[in-house]
Amino acid sequence: MTHGLTDTAAHDPVATGVWFAPGRVNLIGEHTDYNDGFVLPFALPQRAVVTAAPATGARSRVRSAQEAEPVEFSAVTATPGDVPGWAGYVAGTCWAFREAGHPIGEVDLELDSDVPVGAGLSSSAALECAVGVALADLAGIEPGRTELARIARRAENEFVGAPTGGMDQMASMHGRAGHLVFLDTRDDTVELVPFDLHAHGLELLVIDTRAPHAHADGEYGARRADCERAARELGLPALRDATTADLDRLDDDRIRRRARHVVTENHRVLAVVELLSTGADPRDIGPLLDASHTSMRDDFEITVPHVDVAVEAAREGGAVGARMTGGGFGGCVIALCEASGTGRVVAAVESAYAARGWTAPAVFAGTPSDGAGRLS
Ligand code: GLA
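Cut-offs used in this document
Sequence positions are assigned chain by chain, starting from 1 and proceeding in written order. Local features in a predicted model are, by the rule used here, given only for residues with pLDDT of at least 70; side-chain atom pairs are given and counted only at 80 or more, and totals for whole chains, interfaces and linings are based on all residues. Just so you know, side-chain values use all the structure's heavy atoms and leave hydrogens and water out. Numbering goes from the N terminus for both helices and strands, where a helix is a DSSP run of H or I of at least four residues and a strand is a run of E of at least two. For this measure, only C-alpha atoms enter the radius of gyration; the expected value for a globule follows 2.2 Å times N^0.38, where N is the number of residues. Each residue is assigned to one of three classes by its accessible area relative to the maximum for its type, calculated with a 1.4 Å probe on protein chains only: buried under 20%, partly exposed between the two thresholds, exposed over 50%. Contacts were defined at the residue level, with two residues in contact if any of their heavy atoms lie within 4.5 Å. What sets the accessible areas is the Shrake-Rupley method with a 1.4 Å probe; for residues, cover comes only from the shown protein chains. The positive count covers Lys and Arg only, the negative count covers Asp and Glu only, and His and the chain ends enter neither. Here the site of a charge means NZ on Lys, CZ on Arg, CG on Asp, or CD on Glu. What counts as a domain boundary in this text is fixed by an automatic or database domain assignment. Two parts placed together each lose some accessible area; with a 1.4 Å probe, that loss summed over both constitutes the buried area. Here, a salt bridge means any side-chain nitrogen of Lys or Arg that lies within 4 Å of a carboxyl oxygen of Asp or Glu. By the criterion applied in these results, polar contacts are pairs of N or O atoms within 3.5 Å in which, for protein atoms, one can donate a hydrogen and the other can accept it, and in which residues neighboring in sequence qualify only through two side-chain atoms. Pairing between two strands is assigned when DSSP locates at least 2 bridges connecting them. By this rule the span expected of a helix is its residue count minus one, scaled by 1.5 Å. Axes, fitted as lines to C-alpha atoms, cover a helix only where it is in contact. Angles between the N-to-C directions of the axes lie from 0 to 180 degrees. An angle below 35 degrees is read as roughly parallel, one above 145 as roughly antiparallel, one from 65 to 115 as roughly perpendicular, and any other as oblique. Amino acids are sorted into nonpolar (Ala, Val, Leu, Ile, Met, Phe, Trp, Tyr, Cys and Pro), charged (Asp, Glu, Lys and Arg) and polar (every other residue, Gly among them).

(A) The overall build of the protein, seen in detail. For the protein, the count of helices and strands is nine helices and 15 strands. The C-alpha radius of gyration computed for the protein amounts to 21 Å, which stays within 12% of the reference 21 Å derived for 376 residues, consistent with globular compactness. With the principal axes as the frame, the protein shows a C-alpha extent of 60 × 50 × 40 Å. Relative to its 376 residues, the protein shows a buried fraction of 57%. Pairs at least 24 residues apart make up 74% of the contacts formed inside the protein by residues separated by at least 6 positions. Total accessible area computed for the protein in this model is approximately 14700 Å², and 51% of it derives from carbon and sulfur atoms. Across the protein, 32 positive and 54 negative side-chain charges occur, with their mean positions spaced 3 Å apart.

(B) Highlighting the domain arrangement of the protein. Domain parsing of the protein yields domain 1 (9-193 + 369-374) and domain 2 (196-365). The straight-line distance from the C-alpha centre of domain 1 to that of domain 2 is 25 Å. Tallying the contact residues gives 34 residues for domain 1 and 40 residues for domain 2. On the domain 1 side of the interface with domain 2, the three residues burying the most area are Ile28, Glu30 and His31, jointly 22% of the side's total. Applying the counting criterion to the domain 1 and domain 2 interface returns three salt bridges. Note that arginine 240 is salt-bridged to aspartate 184, the shortest N-O span being 2.8 Å. Our count for the domain 1 to domain 2 interface comes out at 18 residue pairs in polar contact (both at pLDDT 80 or more).

(C) How the structure looks around the sheet that holds strand 10 (residues 189-194). A sheet is described by the order of its strands in space; here three strands give the open sequence 3-9-10, paired in antiparallel fashion. What marks the edges here is a single partner per strand, and that holds for strand 3 (38-39) and strand 10. Both strand 9 (residues 179-184) and strand 10 contribute to a ladder of six bridges, which runs antiparallel. Bridge pairing in strand 10 links leucine 180 to valine 193.

(D) Inspection of helix 3 (residues 145-160) at higher detail. Given a rise of 1.5 Å per residue, 16 residues ought to cover 22 Å, and the 21 Å separating the end C-alpha atoms of helix 3 matches this to within 8%. Here helix 3 has its buried residues at Thr146, Glu147, Leu148, Ala149, Ile151, Ala152, Ala155, Glu156 and Phe159. Turning to helix 3, the residues buried within the fold contact helix 1 (87-99), helix 2 (123-139) and helix 4 (167-174). Downstream of helix 3 by one or two residues, glycine 161 has phi in the positive range, about 90°.

(E) Representation of the packing of helix 5 (residues 216-234) against helix 6 (residues 253-277) within the structure. Packing of helix 5 against helix 6 brings their axes to within 9 Å, and their N-to-C directions diverge by 95°. On the basis of their axis angle, the class for helix 5 and helix 6 is roughly perpendicular. Side by side, helix 5 and helix 6 meet where Arg223, Asp226, Cys227, Arg229 and Ala230 of the first sit next to Arg254, Ile255, Arg258, Ala259 and Val262 of the second. Tallied by class, the residues present in the contact of helix 5 with helix 6 amount to five nonpolar, no polar and five charged.

(F) View of unusual backbone geometry. One non-glycine residue, histidine 31, lies in the positive phi region at around 60°. Along the polypeptide, histidine 31 turns up in the loop between strand 2 (17-26) and strand 3. With relative accessibility at 4%, the residue histidine 31 sits in the buried group. Positive phi, normally seen in glycine, also occurs at arginine 210, with a value near 55°. You can see arginine 210 is positioned in the loop between strand 11 (202-208) and helix 5.

Shown next as structure tokens:
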């Protein structure tokens, strides 16, 4: 089945309800999604929850449990530039929904979320996707998960103005409990890969470094520009098409290293998928997680001391593999650990942080969970 306007199905519009969409962690495949490459995220149990109903007033109104004041806007006419701040994710999704050819009316929305903001766990994608599934049910249509993810991404890119790829929204829409979302971003093909760590006595820790995010937006755009330049210089549609041999054709050292990260990271994603889908011991992916981190640190240069120290300490504490996850310049680290050894890993990271006078990180177990849907 293809997802798009042609497969839009109709059902009775819903009068009111509660919908959710999760944040995500990326197991591996960083900064590959805007290069037509491969990613392997999973949806988290942490989620944005939206209560929605047709508006009682003349305009739409959104209230958030995390914000002091509600915001009014028009879901029917808002265009990029009209709604600044946090409500822009909501208004942007309404705008992108209409742009995709689905008319909507004004809505009243109440938001709540336990996805940490600014931690690289896609709190914004969770919000956009939750609003997207709510709008679809209120309008009585079923655009399909990939179409809704594209609508949510368009809100992020064109309304909010963040030049991201599509991984976060696809993970939030397509997540499944106990599975990874293996996504080919060239054509948005999704394959769910079973990921049952507990059966192997393992745990995936998510370590929120709470590192201050400095210049993350500008640096993200700069990496994207470097990748596009590399593809252009190689005469390729995207870095997805580059081989290791192609890298020698790039003269500029920085551009070559950026491209090398993307080429090798795509290989690592495929290697992880191969291992996990052929029944290998998940411990075997540890070295690939480590190599991904080294590549992000040295070639793509998107890590910061808080992140590198957490990765290093996690390994010293016994993790079988660790890497930064997400866009970079702060955010979270994931550490694949023996379930019996998580205490040692956490203690090692905490003591490395304490020795530097840094705030202790927040740690939780990353459990692959279901993608967006209706709660009631
Ligand atoms: C952010 C972006 C994603 C992706 C990652 C890096 O999370 O939103 O599209 O590019 O960074 O892998």
